[in-house]
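Observations on chain architecture
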Amino acid sequence: MTRSTAAAAPSPDALRDHLDAHLDPPARAWLRGALAEAAGHPGGHGPISTWELRLAEAGRRCGSRHADAARVLILHTARADLTAVTRVYRQGTAAERRAVLLALPHLVPGPDALPLVEDALRTNDTRLLAAAVGPYGARHLDAHGWRQAVLKCLFTNVPVEAVAGLAERARGDGELTRMLTDFAAERTAAGRPVPSGLYRVLALAESGKEAP
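For the structure given in this document, a descriptive report is provided here. Keep in mind it's a predicted model, so treat the numbers as computed, not measured.

Comments concerning the overall build of the chain
Along its length, the chain carries 13 helices and zero strands. Traced from its N-terminal end to its C-terminal end, the chain shows the element sequence α-α-α-α-α-α-α-α-α-α-α-α-α. Here the chain has a C-alpha radius of gyration of 19 Å; the compact-globule value for 212 residues is 17 Å, and the two agree. Across the 212 residues of the chain, 51% fall into the buried class. Expressed as a percentage of contacts within the chain between residues at least 6 apart in sequence, the contacts between residues at least 24 apart total 71%. Put simply, the chain shows about 10300 Å² of open surface, and 53% of that area lies on carbon and sulfur atoms. Across the chain, 26 positive and 23 negative side-chain charges occur, with their mean positions spaced 3 Å apart.

Here it is, written out as structure tokens:
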């Protein structure tokens, strides 16, 4: 299920400009080398590629603030195919898995990578969850899977702002309204606070308008 209204992921050119502006000279030099390796050995066939090893270095080389963008740019430059991104996701650290999820809109045009999104949604790692409900998930999760993803975000305190295409997909969704109302009632009955983001999503689902 493709959703053309889903929020767009930052373009590779925008990521490159951001990194050029914010990385220090040694980090920029390392990234240029990593991107050259990725461009020289594209795809994902055969044994592990050099660029895959560079994904593990990105945090140390570029710093935690810019590692996600660097990894996404490396994956894009390598034109990583479904086999490669699946291998990186299955074998990588949480940070590398997050980068794969963020890069999917650039790499996989259809829903073939949904198993990776669904795997991330089964975790309680909030940064993975936030990446899983990004533009790729917004485009390709079916209605039931998307509603469950929204509830998982509320349950784990992932800000609903992380859900790409939230307003478009929530608007007029009666089943989502029912699920949110039940969830709020359960929390209240248990003496637990209702996440504030729930009221925003509920307002969207009921009326299609942003909550004040």
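Notes on the packing of aromatic side chains
This model, assessed by the stated rule, comprises zero aromatic pairs. Positioned over the ring face of Y89 is R97, at 4.9 Å from the centre of the ring.

A few points about the nonpolar core
Ranked by internal contacts, the top residues of the largest apolar core, which has 68 residues, are L31, W51, I74, L75, L101, L104 and V117. Beyond its immediate chain neighbours, meaning those up to four positions away, L104 contacts V85, A113, V117 and Y136.

Observations concerning the pattern of salt bridges
Within this structure, the stated rule accounts for twelve salt bridges. Between R87 and E52 there is a salt bridge, with its nearest N and O atoms 2.6 Å apart. Here the residue R87 occupies a position in helix 5 (residues 82–91), and E52 occupies one in helix 3 (residues 50–62), the gap between them amounting to 35 residues. The pair formed by R87 and E52 is uniform in burial state, with each residue classed as buried. Ionic pairing is found between D119 and R122, a salt bridge with its closest N-O pair at 3.7 Å. Salt bridges sharing common partners tie together E37, R54, E57 and R61.

Thoughts on unusual backbone geometry
Phi at R79 is positive, roughly 50°, even though this residue is not glycine. Examined against the element boundaries, R79 turns out to sit in the loop between helix 4 (67–77) and helix 5. A relative accessible area of 55% places R79 in the exposed class. Of note, the phi angle at N157 is positive, near 65°, even though the residue is not glycine. The class for N157 is exposed, based on a relative accessible area of 62%.

Here's the deal with the layout of surface pockets
By volume, the largest pocket is sized at about 320 Å³. Along the walls of the largest pocket sit 20 residues, with A9, P10, L102, G134 and P135 positioned nearest its centre. Secondary structure elements with two or more residues in the lining of the largest pocket: helix 4, helix 6 (94–107), helix 8 (126–132) and helix 9 (135–140). When its residues are assigned to classes, the lining of the largest pocket shows 15 nonpolar, two polar and three charged.

A closer look at the side chain of R187
Structurally, R187 is set in helix 12 (residues 174–189). One buried charged residue, R187, forms no salt bridge at all, with the nearest opposite charge on E186 at 8.1 Å. In contact with R187, other than residues within four places in its own chain, are F155, R192, P193, V194 and P195.

Overview of the packing of helix 5 against helix 7 (residues 114–121)
Two numbers describe how helix 5 lies on helix 7: the axes approach to 10 Å, and their chain directions differ by 20°. By the angle class used here, helix 5 and helix 7 are roughly parallel. Handedness of the crossing formed by helix 5 with helix 7: left-handed. Residue-level contacts link V85, T86, Y89 and R90 of helix 5 to P115, L116, D119 and A120 of helix 7. Taken together, the residues that form the contact of helix 5 with helix 7 break down as five nonpolar, one polar and two charged.

Parameters and conventions
- Sequence positions are assigned chain by chain, starting from 1 and proceeding in written order.
- With pLDDT at 70 or above as the cut-off, local features in this predicted model cover only qualifying residues; side-chain atom pairs require 80 or more to be listed or tallied, and sums for whole chains, interfaces and linings still use all residues.
- Just so you know, side-chain values use all the structure's heavy atoms and leave hydrogens and water out.
- What counts as a helix is a DSSP run of H or I of at least four residues, what counts as a strand is a run of E of at least two, and both are numbered from the N terminus.
- Throughout, the radius of gyration refers to the C-alpha atoms, and the reference size of a globule is 2.2 Å times the residue count to the power 0.38.
- When a residue's accessible area, from a 1.4 Å probe over protein chains only, is under 20% of the maximum for its type it is buried; when over 50% it is exposed; and in between it is partly exposed.
- We call two residues in contact when some of their heavy atoms are within 4.5 Å.
- For accessible areas, the Shrake-Rupley method is used with a probe of radius 1.4 Å. Any residue's cover is judged against the shown protein chains and nothing else.
- In this tally Asp and Glu are treated as negative and Lys and Arg as positive; neither His nor the chain ends contributes.
- The atom standing in for a charge is NZ when the residue is Lys, CZ when it is Arg, CG when it is Asp and CD when it is Glu.
- Aromatic pairing here means that ring centres of Phe, Tyr or Trp (its six-membered ring) are within 6.5 Å. Orientation follows from the plane angle: under 30 degrees is stacked, over 60 is edge-to-face, and everything else is tilted.
- Look at NZ for Lys and CZ for Arg. If either is within 6 Å of the ring centre and within 35 degrees of the ring normal, a charge sits over the ring.
- Here, nonpolar core refers to any group of buried Ala, Val, Leu, Ile, Met, Phe, Trp, Tyr and Cys residues whose side-chain atoms link them within 4.5 Å.
- Definition used for salt bridges: Asp or Glu carboxyl oxygen within 4 Å of a side-chain nitrogen of Lys or Arg.
- Here the term cavity refers to a set of points on a 1 Å grid, laid over the protein atoms alone, in which a 1.4 Å probe fits but cannot get out; the term pocket refers to an open set having protein on both sides within 12 Å along at least five of seven lines, with lining residues being those that place an atom within 4 Å of a point.
- Grid points are joined across faces, edges and corners, and a volume is the space filled by probe spheres set on the points.
- Note on residue categories: nonpolar means Ala, Val, Leu, Ile, Met, Phe, Trp, Tyr, Cys or Pro, charged means Asp, Glu, Lys or Arg, and polar means any other residue, Gly included.
- Axis angles are defined between N-to-C directions and span 0 to 180 degrees, where every axis is a line fitted to C-alpha atoms and, for a helix, only to the segment in contact.
- Just so you know how the angles are binned, under 35 degrees is roughly parallel, over 145 roughly antiparallel, 65 to 115 roughly perpendicular, and the rest oblique.
- Crossing handedness is read from the near helix: turned anticlockwise from the far helix by less than a right angle, it gives a left-handed crossing, and turned clockwise, a right-handed one.

Worth remembering: the numbers are spatial, not functional.
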